[in-house]
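# Descriptive analysis of the structure
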Amino acid sequence: GAPAAGAPWSPAAVSVVKVLSDVLPQCAALGLSPAKLNAARYVPSKDVDANTLRGGALQLPLGATLVLDEAQMSEGKLDAAGIKNVRALADVLERQKLGYDFTYFEVDFEADATLVSLSTSPSMLPLGATPEYGMEQLVALLVNRTLSERRGCGGALDRAAGVEWWLRIHGGREGLGVHHDSN
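Residues numbered from 1 in each chain as written. Predicted model: local features only at pLDDT ≥ 70, side-chain atom pairs only at ≥ 80, totals over all residues. Heavy atoms only, no water.

## Some points on the packing of aromatic side chains
Counted by the stated rule, this structure contains 2 aromatic pairs. Aromatic pair Y100 and F109: ring centres 4.4 Å apart, planes at 50°, arrangement tilted. The class of Y100 is buried, set by a relative accessible area of 13%. Judged by centre distance (5.4 Å) and plane angle (20°), the rings of F102 and F105 are stacked. (Phe/Tyr/Trp six-rings, centres within 6.5 Å; stacked < 30°, edge-to-face > 60°. Buried < 20%, exposed > 50% of the residue type's maximum accessible area, 1.4 Å probe, protein only.)

## Some thoughts on the pattern of salt bridges
Under the criterion given, the structure shown has 6 salt bridges. Put simply, R95 and D91 hold a salt bridge, and the shortest N to O gap is 3.5 Å. Within this pair, R95 and its partner D91 are both found in helix α3 (residues 80-95), separated by 4 residues, close to a single helical turn. Taking relative accessible area as the criterion, D91 reaches 24% and is therefore assigned partly exposed. Three or more residues are tied together by salt bridges with common partners; here these are D91, R95 and D108. (Salt bridge = Lys/Arg side-chain N within 4 Å of Asp/Glu carboxyl O. Helix = DSSP H or I, 4+ residues; strand = E, 2+ residues; numbered from the N terminus.)

## Concerning the pairing of strand β4 (residues 64-69)
Counting buried residues in β4 gives 6 out of 6 residues, a clear majority hidden from the surface. Residue alternation in β4 divides its side chains into two sets, A64, L66 and L68 and T65, V67 and D69, and both sets are buried. Alignment of strand β1 (residues 27-31) against β4, held across 5 bridges, turns out to be parallel. If you follow G31 over to β4, its bridge partner there is D69. Bridging between β4 and strand β7 (residues 113-118) involves 6 bridges; their strand directions are parallel. In the strand pairing of β7, D69 is matched with L118. (Pairing = 2+ DSSP bridges.)

That is the geometry; function is a separate question.
See the structure below:
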């Protein structure tokens, strides 16, 4: 359900993050609201004055699972930073790339993250097909994906009867929707 006014996380997000953190090697979470999108830094960026690269919330280890709590989304205005953050999320979803901001230019780096969006309404992100999963189904799918990748199976969850099931993100990468390939 939706979080109580002022709550940092929805109850569903707290539960999902707890379970996934216990069974997956890398799990992180981001609460999404207009205020948080406007205030946070999602992409790494160059601090020219300090001559250093500042980290961003989407700078994740390869193979990480990121839970997005969209239950906090409400009407509101996104400023330039908020729009940049939404675009960065969309790039990770669609292209599995994260652009590092070096002030005068941007460089794309590979990302390998499974994004799980929790929402009480349609997502603002380009998720493509978004089936609804119960907690047990979600955990089983993510754990199977992680284990099969560690065995070098390329994300295959079930090869029985020549059918592969895997999680995908819009654009053909692993993620939320279930993609069925009978090849």
